[in-house]
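Coordinates in review
These are the residues of each chain, in order.
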There are 2 protein chains.
Amino acid sequence: MEKSMIERYARFTVRMGANVQKGQTVLISCPIDVAWFGRMCAAEAYLAGARDVVVHYNDQQLTRIRMEGADIEALKEVKPWVLASYMDYYEGDGSMVRIAISAEDPEIYKGVDLDRVDITLRARSIALKPWIELAMANRVQWCIVSVPAVPWAQKVFAGETADAAVEKLWEAIFTATRMDMPDPEAAWRDHAVNARRRIDRLNGMDIDALHLRGENGTDLKVGLADDYLFEGVESVSTGGVSFLANVPSEEVFTAPHKDRVEGIVKSSMPYVYNGNLIEGITARFEKGRAVEVSAEKGGALLDQMMAADEGARHLGEIALVPASSPIRKSGILFYNTLFDENAACHIAFGSGYPTTIKNGSDMPREELDAKGLNESVIHEDIMVGTPEMDIDALLKGGEAVPVFRKGEWVL
Amino acid sequence: MEKSMIERYARFTVRMGANVQKGQTVLISCPIDVAWFGRMCAAEAYLAGARDVVVHYNDQQLTRIRMEGADIEALKEVKPWVLASYMDYYEGDGSMVRIAISAEDPEIYKGVDLDRVDITLRARSIALKPWIELAMANRVQWCIVSVPAVPWAQKVFAGETADAAVEKLWEAIFTATRMDMPDPEAAWRDHAVNARRRIDRLNGMDIDALHLRGENGTDLKVGLADDYLFEGVESVSTGGVSFLANVPSEEVFTAPHKDRVEGIVKSSMPYVYNGNLIEGITARFEKGRAVEVSAEKGGALLDQMMAADEGARHLGEIALVPASSPIRKSGILFYNTLFDENAACHIAFGSGYPTTIKNGSDMPREELDAKGLNESVIHEDIMVGTPEMDIDALLKGGEAVPVFRKGEWVL
């Protein structure tokens, strides 16, 4: 890919994605394989006026070596400095920006003892919860973007050489993120306005539940949390700065009520969990809880996911994505949630976003619980949308309003 | 370089260099450009029984971007997590091992505002002092080794292609570290025994000062600290485990008395400080203090070094290295202290090693001060030895015992 295109992408990430403001501290999480892109974002953030930029490199190959070699008790421990390496920079709302660069090998931990993988990654999730919660409540601006790394690119474009696979993945990413348009910033502004129109409409209806029906057997009623808010494409931090939490982003999403989900749902795409694949998930819900779950492939992994904590069996998000989304139309399976979740309607097992409850960012946990917002150390988006899916909004008055027909918005 | 040779080197680093014991935690500092070697050492440490291995990656290119872009006040700050990322693992003597991989570009910060470089690096040195002191007192086993990175290799072998320069630097490193011998472990054991013989001899003499005279104008009397101990090649941790602090190591060294150095000394090799070169240093000492310093090149840098703190103008180490050392004989200027300090006798400005005072590791700071051990945030080894250098040990009784003649041991 041309350097100028990649530089434009880094600039977009920093300026419109994270929307770095003068005097802010920027924390970048970056896979070691794409350190050059982390540096590019750092340089751009300084140009945007950042006070300081801190890059935390992560190395999945090293993590794999540790999972296989370390004492099991050591895997359970995450020392205090790990959380402090984020929180030491937080000086209140508006002080910070989080940029996460995602380039994971989808099957990096394949073949490693599942318990060791789970223990290691869960310990980290638990340790970093306070930091993740800051992002989930939009107390910091945040933006997740992807750049190709070889193992990932070769999974997406199997059989290609490293160089060819990376080039193809760049093209796919640039299409998915509108970077190939003449004016990406303007395209994103239009996109955000369109999403906002639907969001306002949905927030104005008095919805009791969304009813999803698919030709694959999905028949799920997702009750919404009290005072739910739909959100999508563009977010606003508690410090008052707008940002794009995900690039790309084709979804409009809100909070299910953790205790009011009923029925059966089937996954429509493979899912990467703990560096391994899960395929063909079926889940049956009663009173919000997934009482039966199974998978055609990766069942043991799915069981681990469900065992993370009690909240792992409840839903934290329901997201609406039309079958005509550019990511689905590309026909590419990315094996990366940042992209795949924008190819289909999805539900997330695990924690919900306080921002999807009216005034939720300012609510103590007990109040969010009372509204029905789910809590967990996990947040795993499972794609359930199909090109034939119909969705109705069941209003509190009893009326059913068509929202999706045959996979497309009809609102 | 053949993979099997490099694996042997990683094994040597972990097993004989750091001498990792079952149940210990190993902390590896690794430049991002040679992450693959960090991983190799991590895997080897687990095979040796390490409980856990933590790799801290550093990225000089990123640091340079930060020096140029960050707010000056941000450069002065080092958040608490940075020190904690080391100290969180220290659970008393014998619990930990430090492996540092050195592959710096000698002129990485060339062209950056000198004050910004100095502020950034000094803030880090001050913040990490408690951790560095653990190593200097041998409370942890520690081992510094090098592997080639392209910018460094091309500085050492100017005009070569990246691949050729790296290959030549591997060969030079393997010669310098005895890795090219049939049995490197045996060669190091012999080498340690030889050094020990000289160390015992020097420790048995009642030395008041070492008198260095070179054909280049050096004429320096280095008074030794009270209860000085010579040390070299092999060290023993306070936890009772032997290790090689430097690989390679050709020096026998001890502690000067911080207030008893007199005369003039000239540097005999270029020195890398703060990612820049200093050449042609002259220093004149009175009562232990460098009262006049100058350099033919990099004078402003040298002034910064001297301004680090009061201890920066006093000596913390005097080290004896024969002109016949394999590193000098190679004729290669490495632009890396780990190698260059083993090519010539040297003095270090800045802090001294508590281990070079009898029972020093257990002494509180005031007692070490009283013995004459210097303290500073810096420790910078300046090469002063020449092939014509004579060194006498001036005994307390008044006798002068020849130690070096024409650059070689005569003891």
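Residues numbered from 1 in each chain as written. Chains lettered and ligands numbered in written order. Predicted model: local features only at pLDDT ≥ 70, side-chain atom pairs only at ≥ 80, totals over all residues. Heavy atoms only, no water.

1. Overview of the relation of the copies chain B and chain A
After a rotation of 180 degrees and a shift along the axis of 0.0 Å, chain B superposes on chain A with an RMSD of 0.0 Å. What the superposition gives is, in effect, a two-fold axis relating one chain to the other. Measuring from the rotation axis to each C-alpha of chain B, the shortest distance belongs to B:Trp81, at 2.5 Å. Comparing interface residues between copies, 100% of those in chain B also lie at the interface in chain A; the contact surface is shared. (Least-squares fit on C-alpha atoms with pLDDT ≥ 70 in both. Contact = heavy atoms within 4.5 Å.)

2. Section: the side chain of B:Arg139
Residue and element names in this part refer to chain B. Relative to the elements of secondary structure, Arg139 occurs in the loop between helix H7 (129-136) and strand E4 (141-146). Among the polar contacts made by the side chain of Arg139, one reaches the side chain of Asp362 at a distance of 3.5 Å. In this structure Arg139 touches Tyr90, Asp93, Gly94, Leu134, Thr238, Ser361 and Asp362, once residues within four positions along its chain are discounted. (Helix = DSSP H or I, 4+ residues; strand = E, 2+ residues; numbered from the N terminus. Polar contact = N/O pair within 3.5 Å; in protein donor to acceptor, adjacent residues only side chain to side chain.)

3. Let's talk about the pattern of salt bridges
Counted by the stated rule, this structure contains 64 salt bridges over all chains. With a closest N to O distance of 2.8 Å, A:Arg66 and B:Asp52 form a salt bridge. Residue A:Arg66 is located in helix H3 (residues 60-69), and its partner B:Asp52 is located in strand E2 (residues 52-58); the two belong to separate chains. A:Arg66 gets classed as buried once you look at its relative accessible area, which sits at 18%. A salt bridge links B:Glu91 to A:Lys79, with the shortest nitrogen-to-oxygen separation between them at 3.8 Å. Taken as a pair, B:Glu91 in the loop between helix H5 (80-87) and strand E3 (96-102) and A:Lys79 in the loop between helix H4 (72-76) and helix H5 (80-87) lie in two separate chains rather than in one. Residue class for B:Glu91 comes out exposed when judged on its relative accessible area of 62%. Within this structure, A:Lys129, A:Glu133, A:Arg365, A:Asp369 and A:Glu375 form a network of salt bridges that share partners. (Salt bridge = Lys/Arg side-chain N within 4 Å of Asp/Glu carboxyl O. Buried < 20%, exposed > 50% of the residue type's maximum accessible area, 1.4 Å probe, protein only.)

4. Re the layout of surface pockets
Residues and elements named next belong to chain A. Its boundaries defined by the atoms lining it, the second largest pocket holds a volume of some 320 Å³. Along the wall of the second largest pocket there are 20 residues; nearest its centre are Asn138, Leu229, Glu231, Val236 and Thr355. At the level of elements, helix H10 (184-204) and strand E7 (235-236) are the ones that each hand at least two residues to the lining of the second largest pocket. For the lining of the second largest pocket, a count of residues per class yields 6 nonpolar, 9 polar and 5 charged. (1 Å grid on protein atoms, 1.4 Å probe; cavity = no way out; pocket = protein on both sides within 12 Å on 5 of 7 lines; lining within 4 Å. Points joined across faces, edges and corners; volume = space filled by probe spheres on them. Nonpolar A, V, L, I, M, F, W, Y, C, P; charged D, E, K, R; others polar.)

5. Things to note about the nonpolar core
One finds A:Phe349 and B:Phe349 to be the most contacted residues of the largest nonpolar core, which totals 222 residues. Counting 40 residues, the second-largest nonpolar core is a separate cluster that includes A:Val82, A:Leu134, B:Met96 and B:Phe253. (Core = buried A, V, L, I, M, F, W, Y, C linked by side-chain atoms within 4.5 Å.)

6. A few points about helix H1 (residues 3-17) of chain A
All names here are of chain A. Relative to the 21 Å expected for 15 residues at 1.5 Å per residue, H1 spans 19 Å between its end C-alpha atoms, a close match to the ideal helical length. For H1, the complete set of buried residues consists of Met5, Ile6, Tyr9, Ala10, Phe12, Thr13, Val14, Met16 and Gly17. Tucked into the core, H1 has its buried residues touching helix H2 (35-47), strand E3 (96-102), strand E4 (141-146), helix H9 (162-176), H10 and strand E8 (242-243). (Expected span 1.5 Å × (residues − 1).)

7. Some details on the sheet that holds E3(B)
Remark on secondary structure: sheet strands pair via backbone hydrogen bonds, oriented parallel or antiparallel. Residues and elements named next belong to chain B. Reading across the sheet, the 4 strands line up as E2-E1-E3-E4 and stay open at both edges, with parallel pairing between neighbours. Pairing within the sheet leaves two strands with one partner each, and these edge strands are E2 and E4. Neighbour to neighbour, the strand axes of the sheet diverge by 15 degrees on average, direction disregarded. Relative to E3, strand E1 (residues 25-31) runs parallel, the two being bridged by 5 bridges. Note that in E3 the partner of Ile28 across the bridge is Ile99. Contacting E3 and E4, helix H1 (residues 3-17) runs over the sheet at an angle of about 160 degrees to E4. (Pairing = 2+ DSSP bridges. Axes fitted to C-alpha atoms, helices over the stretch in contact; angles between N-to-C directions.)

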